[in-house]
Amino acid sequence: MLAQDVLDRRIAEAEATLSAAAGSASLCTVSRSGTPMPGVKYPEGAWVALRDVRRTLAASDGIDGALEIVRERWSADLAQHTATGSGSDWMAYLTGGLDALDSLAETLDSPSATSSD
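Rules of the game
Residues numbered from 1 in each chain as written. Predicted model: local features only at pLDDT ≥ 70, side-chain atom pairs only at ≥ 80, totals over all residues. Heavy atoms only, no water. Helix = DSSP H or I, 4+ residues; strand = E, 2+ residues; numbered from the N terminus. Buried < 20%, exposed > 50% of the residue type's maximum accessible area, 1.4 Å probe, protein only. Areas by Shrake-Rupley, 256 points an atom, 1.4 Å probe, with all protein chains shown as cover. pLDDT = per-residue confidence, 0-100. Core = buried A, V, L, I, M, F, W, Y, C linked by side-chain atoms within 4.5 Å. Contact = heavy atoms within 4.5 Å. Axes fitted to C-alpha atoms, helices over the stretch in contact; angles between N-to-C directions. Left-handed = near helix turned anticlockwise from the far one by under 90°.

Visitor: It is not clear to me how the overall build of the protein should be interpreted in this structure. Could you clarify?
Guide: For the protein, the helix and strand inventory stands at five helices and zero strands. Its helices and strands taken in sequence order, the protein reads α-α-α-α-α from the N to the C terminus. Within the protein, buried positions represent 37% of all 117 residues. Only carbon and sulfur atoms are counted for the fraction: they give 55% of the accessible area of the protein, which is about 6500 Å².

This is how it looks when you write it as structure tokens:
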């Protein structure tokens, strides 16, 4: 399986997880509710971070380069939000994104992940 296929599969899985977490509510409605929603923000962060890798592919040296660029950006955002004491939604969002990026990196490092079927 090609690395791009792995990424596409991860994005689809993250979107399905996010849809299940949000239920029938739109993300805009969830965000404006004023109620902390870390159970929705974590999978949202995962989905957005993986899509960020896809967008960054065009400006990088392949998926490994895109993953490194995006991970650095998300790590810096988490450090900033941690330092400023951001709320649980931000922390869940950024943690979800970083966890998804780490999981993708581990999968791509696995010899069976990108071998021919």
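Picking up where we left off.
Visitor: So what exactly am I meant to see when it comes to the confidence of the model for the protein here?
Guide: Close inspection of predicted coordinates is inappropriate in any region flagged by low pLDDT. Predicted confidence across the protein gives a mean pLDDT of 85, with 80% of residues reaching 70 or more. At the low end of the mean pLDDT range in the protein sits helix H2 (residues 27–32), at 53; at the high end sits helix H4 (residues 62–83), at 96.

Visitor: Hey, could you run me through the nonpolar core in this one?
Guide: A general feature of soluble globular proteins is that nonpolar side chains tend to end up buried together. Core analysis: the biggest nonpolar cluster contains 27 residues, and Leu-7, Leu-50, Val-53, Trp-74, Leu-101 and Leu-104 have the highest contact counts within it. Among the secondary structure elements, those contributing two or more residues to this core are helix H1 (3–22), helix H3 (38–56), H4 and helix H5 (88–109). Non-local contacts of Leu-101, meaning those with residues more than four positions away in its chain, are made with Ala-49, Val-53, Leu-67, Val-70, Arg-71 and Trp-74.

Visitor: What is the right way to read the packing of H1 against H5 from this model?
Guide: Packed helix pairs are specified by the crossing angle of their axes together with the interaxial distance, meaning the distance between the axes. Where H1 meets H5, the closest approach of the two axes is 11 Å, and the angle between their N-to-C directions is 145°. For the crossing formed where H1 meets H5, the hand is right-handed. Where H1 approaches H5, its residues Ala-3, Val-6, Leu-7, Arg-9 and Arg-10 are matched on the opposing element by Ser-103, Leu-104, Thr-107 and Leu-108.

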